[in-house]
Amino acid sequence: MSSSSPSGSGGDLTERRGIPAAKFIQDVETYLSQSGLDPNSALAFHQERLQQYKVVEMKLLAQQRDLQAKIPDIEKCLEVVATLEARKGTGEALLADFEVSEGIYSRACIEDTDSVCLWLGANVMLEYSCEEATALLKNNLENAKASLEVLVADLQFLRDQVTVTQVTIARVYNWDVHQKRVKQVTPTAIAAADS
């Protein structure tokens, strides 16, 4: 978010992973005089910031959906590798249905095996021993869960910033409306007093 920030009341501008914190405006008149903005410019700045927050929120929600879909896949792969390891040395074949492509399945008879192939993405598949595959999948699962926790915290921080920004917009708008009404009432009151 590259907009310059008009200064508000409160402490220094902080951020979380590149998301700037919104400042609560305690006194709108002081805020406008210190920042050198008129009410319309302040409203435009905060509305632009609100739109930036919404764009970041959409990106974070997409990342969250991806991770939430990825975690069950990793857990499923761990189960399959554990099943293969448990069957190793028993001499009995494992009959399994696996997805070849979306909606297309094939049946396989898996004999004793010491290795598995893992799809890493980007058209890359590598063969690992069952132990290496388990270690890699557990590591990937831990990383995905940790990333999900960070994303949830980022989304909560972002929602707080959206709320503060919306309150600021409302406060600046209401202050501007109040000032316009005071200016309209003052000339009318002076004219009534003169007559």
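This write-up is about the structure you can find in this document. Predicted, not measured: the structure shown is a model, and the values here were computed from it. (Residues numbered from 1 in each chain as written. Predicted model: local features only at pLDDT ≥ 70, side-chain atom pairs only at ≥ 80, totals over all residues. Heavy atoms only, no water.)

Concerning the overall build of the chain
To be explicit about the condition: Secondary structure elements are defined from DSSP: runs of H or I of at least 4 residues count as helices, runs of E of at least 2 residues count as strands, and each element is numbered from the N terminus. Relative accessible area decides the class of each residue, using a 1.4 Å probe on protein chains only: under 20% of the type maximum gives buried, over 50% gives exposed, and in between gives partly exposed. Using a 1.4 Å probe, accessible areas were evaluated by the Shrake-Rupley method; residue-level cover was limited to the displayed protein chains.
A tally of regular secondary structure across the chain gives three helices and six strands. Listing the helices and strands of the chain from first to last along the sequence gives β-β-α-α-β-β-β-β-α. Here the chain, with 195 residues, has 28% of them falling under the buried criterion. Carbon and sulfur atoms provide 53% of the accessible area of the chain, an area that totals close to 12800 Å².

What to know about the environment of Lys54
The condition is simple: By the convention used here, residues are in contact when the closest approach between their heavy atoms is within 4.5 Å.
Along the chain, Lys54 turns up in helix 2 (residues 39-87). For Lys54, a relative accessible area of 33% corresponds to the partly exposed category. For the pair Lys54 and Val162, spaced 108 residues apart in the sequence, the C-alpha separation amounts to 7.9 Å. When neighbours within four sequence positions are excluded, Lys54 is seen to be in contact with Val162 and Gln166.

Digging into the side chain of Thr165
Selection rule: Side-chain atoms alone can form a polar contact between residues adjacent in sequence; in general such a contact is a pair of N or O atoms within 3.5 Å, and within protein one must be able to donate a hydrogen while the other accepts it.
Looking at where Thr165 falls in the secondary structure, it is placed in helix 3 (residues 130-194). Residue classification places Thr165 among the buried positions, given a relative accessible area of 2%. Within the structure, Thr165 has its side chain in polar contact with the backbone oxygen of Gln161 (distance 2.8 Å). Sequence-distant contacts of Thr165, defined by excluding residues within four places in its chain, comprise Ala22, His46, Arg49, Leu50 and Tyr53.

Some remarks on helix 1 (residues 28-35)
As a reminder, the rule being used: To obtain the arc, one takes the directions from the helix axis to the C-beta atoms.
Buried residues of helix 1: Val28, Tyr31, Leu32 and Ser35, and no others. Viewed along the axis of helix 1, the buried residues span an arc of 95°, placing them on a single side of the element. Exposed residues on helix 1 whose side chains face more than 90 degrees from its buried face are Ser33 and Gln34. Looking one or two residues past helix 1, Gly36 carries a phi angle of roughly 75°, positive in sign.

Comments concerning the pattern of salt bridges
Applicable threshold: For salt bridges, the criterion is a side-chain nitrogen of Lys or Arg within 4 Å of an Asp or Glu carboxyl oxygen.
Applying the stated criterion across every chain, the model contains nine salt bridges. Between Glu57 and Arg159 there is a salt bridge whose closest N-O contact spans 3.8 Å. Highlighted residues: Glu57 in helix 2 and Arg159 in helix 3, separated in sequence by 102 residues. Since its relative accessible area comes to 14%, Glu57 is described here as buried. Judged by its relative accessible area of 37%, Arg159 is partly exposed. The salt bridge involving Glu131 is made with Lys88; its shortest N-O contact spans 3.7 Å. Taken together, the residues span a long stretch of sequence, with Glu131 in helix 3 and Lys88 in the loop between helix 2 and strand 3 (94-101) at a distance of 43 residues. Overall, Lys88 belongs to the partly exposed group, its relative accessible area being 29%. When salt bridges that share partners are traced, they join Arg16, Arg17 and Asp154 into one network.

Notes on a nonpolar patch on the surface
Put simply, the rule is: Like-charged residues are merged into a patch within 9 Å and nonpolar side chains (Val, Leu, Ile, Met, Phe, Trp, Tyr) within 5 Å, provided each residue has over 30% relative accessible area and no salt bridge.
A grouping of Phe98, Val100 and Ile104 is seen on the molecular surface, where their side chains present a nonpolar patch of about 280 Å² in accessible area. Structurally, the position occupied by Val100 is in strand 3.

Describing the layout of surface pockets
Note the cut-off: Cavities and pockets are defined on a 1 Å grid built over the protein atoms alone: a cavity is a set of grid points where a 1.4 Å probe fits but cannot escape, while a pocket is an open set with protein on both sides within 12 Å along at least five of seven lines, and lining residues are those with an atom within 4 Å of any such point. Grid points are joined across faces, edges and corners, and a volume is the space filled by probe spheres set on the points.
Looking at the largest pocket, its volume works out to about 1500 Å³. Surrounding the largest pocket, 34 residues form its lining, Cys77, Val80, Cys117, Leu118 and Trp119 being those nearest its centre. Those elements that place two or more of their residues in the lining of the largest pocket are helix 2, strand 3, strand 4 (104-110), strand 5 (115-121) and helix 3. For the lining of the largest pocket, the element with the most residues is helix 2, which contributes 11 residues.

A look at unusual backbone geometry
Positive phi is not limited to glycine here, since Arg17 has a value of about 50°. Here Arg17 shows up in the loop between strand 1 (15-16) and strand 2 (19-20). Despite not being glycine, Ala122 has its phi angle at roughly 55°, a positive value.

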